[in-house]
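Tertiary structure, described
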Amino acid sequence: AIYYGYVDILTRMHGPLDDATADRLYYECRRFGTTLQMPAEFWPADRAAFEDYWEQGLTEVRFDPEIRRYLLKLLRFKQLHPVMRLGAGQLMTWTNTGLLPKQFRDELGLEWSSRDELALAVLLRGIGLGYSVLPRPARNFPFNFFLWDFRRRVRTGKAIV
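A few points on the structure. (Residues numbered from 1 in each chain as written. Predicted model: local features only at pLDDT ≥ 70, side-chain atom pairs only at ≥ 80, totals over all residues. Heavy atoms only, no water.)

Now for the environment of Leu110. Tracing the backbone shows Leu110 in the loop between α6 (102–108) and α7 (114–133). Between the C-alpha atom of Leu110 and that of Glu51, which follows or precedes it by 59 residues, the distance is 25 Å. Contact partners of Leu110, with chain neighbours within four places excluded, come to Leu72, Leu75, Arg76, Thr97, Leu100 and Arg105. (Helix = DSSP H or I, 4+ residues; strand = E, 2+ residues; numbered from the N terminus. Contact = heavy atoms within 4.5 Å.)

This part is about the side chain of Asp149. By the secondary structure assignment, Asp149 is in helix α9 (residues 143–156). According to the relative accessible area criterion, Asp149 is buried, its value standing at 16%. A polar contact is formed between the side chain of Asp149 and the side chain of Arg152, at a distance of 2.5 Å. (Buried < 20%, exposed > 50% of the residue type's maximum accessible area, 1.4 Å probe, protein only. Polar contact = N/O pair within 3.5 Å; in protein donor to acceptor, adjacent residues only side chain to side chain.)

A cluster of basic residues, Arg69, Lys73, Arg76 and Lys78, forms a positive patch at the surface. Look at Arg76 and you get partly exposed, because its relative accessible area is 38%. (Patch = residues over 30% accessible without salt bridge, like charges linked within 9 Å, V, L, I, M, F, W, Y side chains within 5 Å. Areas by Shrake-Rupley, 256 points an atom, 1.4 Å probe, with all protein chains shown as cover. Salt bridge = Lys/Arg side-chain N within 4 Å of Asp/Glu carboxyl O. Lys, Arg positive; Asp, Glu negative; His and termini not counted. Charge placed at Lys NZ, Arg CZ, Asp CG, Glu CD.)

Compared with an ideal rise of 1.5 Å per residue, which puts 17 residues at 24 Å, helix α2 (residues 19–35) spans 24 Å between its outermost C-alpha atoms and is within 8% of the ideal. When we look at burial in α2, the residues that qualify are Ala22, Leu25, Tyr26, Cys29 and Gly33. Here the buried residues of α2 occupy an arc of 105 degrees about the axis, which is enough to place them on one side. Along α2, exposed side chains directed more than 90 degrees from the buried face belong to Arg24 and Thr35. On the buried face of α2, the contacting elements are α1 (2–14) and α3 (47–58). N-capping of α2 is provided by Asp18, with a side-chain oxygen placed 3.1 Å from the backbone N of Ala20. Gln37, located one to two residues past α2, shows a positive phi value of around 75 degrees. (Expected span 1.5 Å × (residues − 1). Arc of directions from axis to C-beta.)

Another aspect to go through is the packing of α1 against α7. Two numbers describe how α1 lies on α7: the axes approach to 6 Å, and their chain directions differ by 80 degrees. Between α1 and α7, the interaxial angle falls into the category roughly perpendicular. Contact residues: Ile9, Thr11, Arg12, Met13 and His14 in α1; Glu117, Leu120, Leu124, Arg125, Ile127, Gly128 and Tyr131 in α7. Each residue belonging to the contact of α1 with α7 can be placed in one class, and the counts come to six nonpolar, three polar and three charged. (Axes fitted to C-alpha atoms, helices over the stretch in contact; angles between N-to-C directions. Parallel < 35°, antiparallel > 145°, perpendicular 65-115°, else oblique. Nonpolar A, V, L, I, M, F, W, Y, C, P; charged D, E, K, R; others polar.)

To continue, consider the pattern of salt bridges. Tallying each qualifying case throughout the model produces nine salt bridges. Ionic pairing is found between Arg12 and Asp8, a salt bridge with its closest N-O pair at 2.9 Å. In this pair, Arg12 and Asp8 are both assigned in helix α1, four residues apart and thus about one turn of the helix distant. Residue class for Asp8 comes out buried when judged on its relative accessible area of 15%. Each of the salt bridges in this network shares a partner with another, and the network as a whole consists of Asp8, Arg12 and Glu117.

Here Arg85 is to be found in helix α5 (residues 82–99). For Arg85, a relative accessible area of 22% corresponds to the partly exposed category. For the pair formed by Arg85 and Tyr26, sequence separation is 59 residues and the distance between their alpha carbons is 34 Å. Leaving out residues up to four positions away in the same chain, Arg85 has contacts with Arg76, Phe77, Lys78, Leu80 and Gln90.

Shown next, in the form of structure tokens:
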């Protein structure tokens, strides 16, 4: 899902990836997955094998009622304070609904129209265009800040967390 999510959002924001970029991204996602304790031998050998794995997995998407309720609470940001949910929560719920594969939306009983799909496409392409003109430090924020803070803590002997 790590690789699928990155490719999906990058493609929606910037258009199709060339093979070299997609291969590099696949390799980096594999490293990230193994860092999260996924054994390397479980990771599909290449992008074609991943595509087969992903498509097969989509045919098996099923949620029991308890898991469905839990996922819908997460999707609808029920963990946020109600005031926060009124503002950003609705947009985030709508956006995340659109980013879910159709099989997940169907299994969760979520509505998504072709009009929603078009609106999300326009929104994400606009974000991609805006992002592409930002200077590199702004594009890398907040990750560059966290790296700076980590290095500062190491250098000064402060706790990392």
